[in-house]
Amino acid sequence: KGLVVTQLDVQPGECVKVKGKILSDAKGFSVNVGKDSSTLMLHFNPRFDCHGDVNTVVCNSKEDGTWGEEDRKADFPFQQGDKVEICISFDAAEVKVKVPEVEFEFPNRLGMEKIQYLAVEGDFKVKAIKFS
Ligand SMILES: C=CCO[C@@H]1O[C@H](CO)[C@@H](O[C@@H]2O[C@H](CO)[C@H](O)[C@H](OCc3cn(Cc4cccc(/C=C/CN=C(N)N)c4)nn3)[C@H]2O)[C@H](O)[C@H]1NC(C)=O
């Protein structure tokens, strides 16, 4: 199922860092932060080849189990087999996802004031997580 961390209390301006390795035959993976699995500030979903998407980062929010509008990003700074470090931070207006060379932004649609939940799913092997 993947790594799930609950009972977090990450405040605006703080950073959730996920270090790991993308599988060499990855089809996709996702990093999810929010309140719980049904209420996500951000579903960050790089797709190598899945759901009909090729090399596309799909971002979305989820409110009480209902997906919001998808936001497909132009950049795709990932390669199968890569080691990556993904840093997520947020403020009242937006969520930022920093990876080497690229920073993605996504609106804080739900106006969440803290991150209590982190889940990493799919073709990604988590090596470390750090909260700073
Ligand atoms: C065109 C038809 C209608 O439009 C499509 O409609 C689909 C269903 O709504 C959307 O898809 C949905 O989009 C959502 C975001 O909005 C979530 O990503 C959701 O996934 C949830 C989910 C996560 N997870 C765990 C997970 C996450 C990542 C990888 C894996 C597994 C890797 C597989 N590895 C292998 N096999 N080696 C597993 N499971 N389900 C996805 O189903 C498509 O984007 C959308 N496409 C477009 C262009 O609009």
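Everything discussed here concerns the structure shown above.
Residues numbered from 1 in each chain as written. Predicted model: local features only at pLDDT ≥ 70, side-chain atom pairs only at ≥ 80, totals over all residues. Heavy atoms only, no water.

**A look at a positive patch on the surface**
Move 1: Taken together, the side chains of Lys21, Lys83, Lys125 and Lys127 define a basic patch exposed on the protein surface.
Move 2: Structurally, Lys127 can be placed in strand β12 (residues 124-131). (Patch = residues over 30% accessible without salt bridge, like charges linked within 9 Å, V, L, I, M, F, W, Y side chains within 5 Å. Areas by Shrake-Rupley, 256 points an atom, 1.4 Å probe, with all protein chains shown as cover. Salt bridge = Lys/Arg side-chain N within 4 Å of Asp/Glu carboxyl O. Lys, Arg positive; Asp, Glu negative; His and termini not counted. Charge placed at Lys NZ, Arg CZ, Asp CG, Glu CD. Helix = DSSP H or I, 4+ residues; strand = E, 2+ residues; numbered from the N terminus.)

**Topic: the pattern of salt bridges**
In a structure, side chains of opposite charge can pair up when their charged atoms sit close to one another.
Move 1: With the rule as written, the count across this model stands at 8 salt bridges.
Move 2: Among the ionic pairs, Glu85 bridges to Lys17, the shortest N-O distance being 3.6 Å. Taken together, the residues Glu85 in strand β8 (residues 83-90) and Lys17 in strand β2 (residues 16-22) connect sequence positions 68 residues apart.
Move 3: A residue is classified by how much of its surface remains accessible, and Glu85, at 28% relative accessible area, is partly exposed.
Move 4: Between Lys96 and Glu94 there is a salt bridge; the shortest N-O distance is 3.6 Å.
Move 5: In the salt-bridge network here, residues are joined through shared partners; they are Arg47, Asp53, Glu70 and Arg72. (Buried < 20%, exposed > 50% of the residue type's maximum accessible area, 1.4 Å probe, protein only.)

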